[in-house]
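Here are the chains, one letter per residue:
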Amino acid sequence: MNLRFPFIKNPPLVSVVRLTGMIGSGGRSTLNDAAVAPILEKAFRKGKPAAVALEINSPGGSPVQSSLIAARVRRLSEETKVPVFAFVEDLAASGGYWLAVAADEIWADDSSILGSIGVISSGFGAHVLLARQGIERRVYTAGESKSMLDPFRPENPEDVARFRVILGDLHENFIAHVKARRGGKLNSESDLFTGEIWAARRATALGLIDGIGHLKPKMQDRFGKKVKFRRYAMRRPFWSRFGAQMAQDALFGIEERAAFARFGL
């Protein structure tokens, strides 16, 4: 029960939102705008917080969901006049860094990994295997590009060229977002948009983050020792632990583990 008395000033409140895991549109275990929206709404509007702190630990994922979540953070911050601080744990790479950049300030642990400002798409080719097994692939389309990058057919250089244009456009969107949010803080003498990753101190020197710092002491320095914290996080419903959903989550866990492993974590 939170009692308010007109002549007693309550200590500052910081809402803490945990954003961890892969970013994607499917599955209950992924970070996506639909799942995060109600949590962010409460974090910004409940109890008149002095700030919102984002705990981020993500290898990235969907560029669209990354953009939607980041845009929602900015809208809520501007509507409520509440500043946002990002605190990176193990990793804020690719879409994870996209989320971090939505904050007004980014802080990280000494050993945090950040960056990967790029776009990646991977697949497989199985046309040789099908041929060896005597299987004939039959595809019928209306539109010459409809079967672009079909993994069961030999790779077409024209398809690859078209797809690289799409990846380039997405990369430009990412770059524009980082430049818009970090502005003059970025080191103009370094190429920061090659997909490279950095540890926190080098990321600080490059202007990708504001420095080394952990959530509680940094917020106490900013808002005083009496600052209070209210935590928000996504919760899995009880029914999702059973049946097909449990199998889906297990497969997603393998995929997420592989995504973190790309960065040595």
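Cut-off values and rules
Residues numbered from 1 in each chain as written. Predicted model: local features only at pLDDT ≥ 70, side-chain atom pairs only at ≥ 80, totals over all residues. Heavy atoms only, no water. Helix = DSSP H or I, 4+ residues; strand = E, 2+ residues; numbered from the N terminus. Buried < 20%, exposed > 50% of the residue type's maximum accessible area, 1.4 Å probe, protein only. Core = buried A, V, L, I, M, F, W, Y, C linked by side-chain atoms within 4.5 Å. Salt bridge = Lys/Arg side-chain N within 4 Å of Asp/Glu carboxyl O. Pairing = 2+ DSSP bridges. Right-handed = clockwise from strand over helix to strand, strands pointing away.

In this section: the environment of G21. As for its position among the elements, G21 is in the loop between β1 (13–20) and α1 (33–45). For G21, a relative accessible area of 3% translates into the label buried. A C-alpha to C-alpha distance of 8.7 Å links G21 and G96, two positions 75 residues apart in sequence.

Turning next to unusual backbone geometry. The phi angle at S94 is positive, at roughly 55°, despite the residue not being glycine. Inspection of the secondary structure puts S94 in the loop between β3 (84–93) and α3 (95–101). The class of S94 is buried, set by a relative accessible area of 18%. With a phi angle near 55°, S116 is a residue other than glycine that sits in the positive phi range.

Counting residues in each nonpolar core, the largest one holds 45 residues, and the members touching the most others are V17, L40, L54, Y97 and L208. Core analysis: the next-biggest nonpolar cluster, separate from the first, contains 10 residues, V14, A53, F85 and W107 among them.

The final tally for this structure, using the stated rule, is 12 salt bridges. For D33, the salt bridge identified is with R72, shortest N-O distance 2.8 Å. Separated by 39 residues along the polypeptide, D33 in helix α1 and R72 in helix α2 (residues 63–80) bring together distant segments of the chain. The same class applies to D33 as to R72, namely buried. Within this structure, R18, E55, E89 and R231 form a network of salt bridges that share partners.

This next bit is on the pairing of strand β2 (residues 51–58). The buried fraction of β2 is high, at 8 of 8 residues. Two strands pair when backbone bridges link them, and β1 and β2 are joined in this way by 7 bridges, in the parallel orientation. Opposite V16, over in β2, you have A53 as the bridge partner. Where β2 meets β3, 6 bridges bridge the pair, whose relative direction is parallel. Among the inter-strand pairings, I56 is bridged to a residue of β3, identified as V88. The handedness of the β2 to β3 crossover, carried by α2, is right-handed.

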